Amino acid sequence: MTVKTSMNRKLRTAAPRPGKPKKPAPRLGFRRFFVRLLRTAAIIFLIGLAWIIYIQWKVQVAPDQALPKQVDVGIVLGASLRKDIPSPGLQERLDWAVELYKQGKFKQLIVSGGLDHNGSKLTEAEGMRNYLVKMGLPAKSILLEPRATSTYENLLFSKHIMDEQGLESSIIITHQYHGSRSLDIAETVGLKEPLVSSTKSEVLFMPYHEARETLAYTKWIWTKLLLKAGI
């Protein structure tokens, strides 16, 4: 037997026998992508839930500040008018302002709020001024800020009036659910050691307003970051 014949036999023996075709390996790439997607969605959900819980805590825990004997001015944050008359919710803020005025906490008031887009002919500030005068406050003690369309503008424009009038210390008057954001904004616009005195509402549907405040607070935090970045 020649060497060549022996090598041919070995090659035939070593050659793999034909068998059943192998099944393709499962496609793991898509499964891994889907798992990662679910994990990312879960993380985003948990972060969002934690943020909502944090903001709701801020909404529920109104600033609890001891008020001094007297400050330079009280600032009433506006809300909607109805046929040029303060809405029931706004009346609660104004009634609390009257109470603080009678306690001697301030001798001047700033009422802040622009024109509603609900058919009112008066600005919120004008409607508030008229209500306070009817409640017995002297018109000369009330300063109008008639341009603001947001809490940020309420306090920013009120600060401009305070600077013009030489007023420094202040008490901000609003509802409890609105107190934490109002105080944060007041500090951001540069009010000197601002105080918040808030009233609990008996007329507002609080689940709606507290949920809305969560969105408003989130928007304010974003606005605050942009302001700090100079944008």
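Conventions used here
- Residues numbered from 1 in each chain as written.
- Predicted model: local features only at pLDDT ≥ 70, side-chain atom pairs only at ≥ 80, totals over all residues.
- Heavy atoms only, no water.
- Helix = DSSP H or I, 4+ residues; strand = E, 2+ residues; numbered from the N terminus.
- Buried < 20%, exposed > 50% of the residue type's maximum accessible area, 1.4 Å probe, protein only.
- Contact = heavy atoms within 4.5 Å.
- Areas by Shrake-Rupley, 256 points an atom, 1.4 Å probe, with all protein chains shown as cover.
- Pairing = 2+ DSSP bridges.
- Axes fitted to C-alpha atoms, helices over the stretch in contact; angles between N-to-C directions.
- Parallel < 35°, antiparallel > 145°, perpendicular 65-115°, else oblique.
- Left-handed = near helix turned anticlockwise from the far one by under 90°.
- Nonpolar A, V, L, I, M, F, W, Y, C, P; charged D, E, K, R; others polar.

**Focus: the overall build of the protein**
Looking only at helices and strands, the protein features 7 helices and 7 strands. Counting from the amino terminus, helix and strand elements in the protein follow one another as α-α-β-β-β-α-β-α-β-α-β-α-β-α. Counting across all 231 residues of the protein, residues that qualify as buried make up 38%. Taking as baseline every contact in the protein between residues at least 6 positions apart, the subset at least 24 positions apart corresponds to 74%. Only carbon and sulfur atoms are counted for the fraction: they give 60% of the accessible area of the protein, which is about 15000 Å².

**Section: unusual backbone geometry**
Even without glycine at this site, D84 takes up a positive phi of about 70°. Among the structural elements, D84 can be located in the loop between β2 (81-82) and β3 (85-86). For D84, a relative accessible area of 23% gives the class partly exposed. The phi angle at E193 is positive, at roughly 45°, despite the residue not being glycine. Examined against the element boundaries, E193 turns out to sit in the loop between α6 (179-189) and β7 (195-199). Residue classification places E193 among the exposed residues on the basis of a relative accessible area of 69%.

**Topic: the sheet that holds strand β6 (residues 170-175)**
One open sheet holds the 5 strands; their spatial order is β5-β4-β1-β6-β7, and the pairing between them is parallel. Unpaired on one side and paired on the other, β5 (142-145) and β7 mark the two borders of the sheet. Taking each pair of neighbouring strands and ignoring which way they run, the sheet shows an average axis angle of 25°. Bridge analysis of strand β4 (residues 109-112) against β5 gives 4 bridges, and the strand direction is parallel. When the sheet's bridge partners are listed, V111 is paired in β5 with L144. Most of the contacts of helix α3 (residues 88-102) go to β6, to which it runs at about 145°, and overall it touches β1 (73-77), β4, β6 and β7.

**Some words on the packing of helix α5 (residues 151-165) against α6**
Running from amino to carboxyl end, α5 crosses α6 at an angle of 40°, the nearest separation of the two axes being 9 Å. Classified by the interaxial angle, the pair formed by α5 and α6 is oblique. In terms of crossing hand, the pair formed by α5 and α6 is right-handed. For the pair α5 and α6, contact is made by T151, Y152, L155, L156 and K159 and by R181, S182, I185, A186 and V189, respectively. Class assignment of the residues belonging to the contact of α5 with α6 gives a composition of 6 nonpolar, 2 polar and 2 charged.

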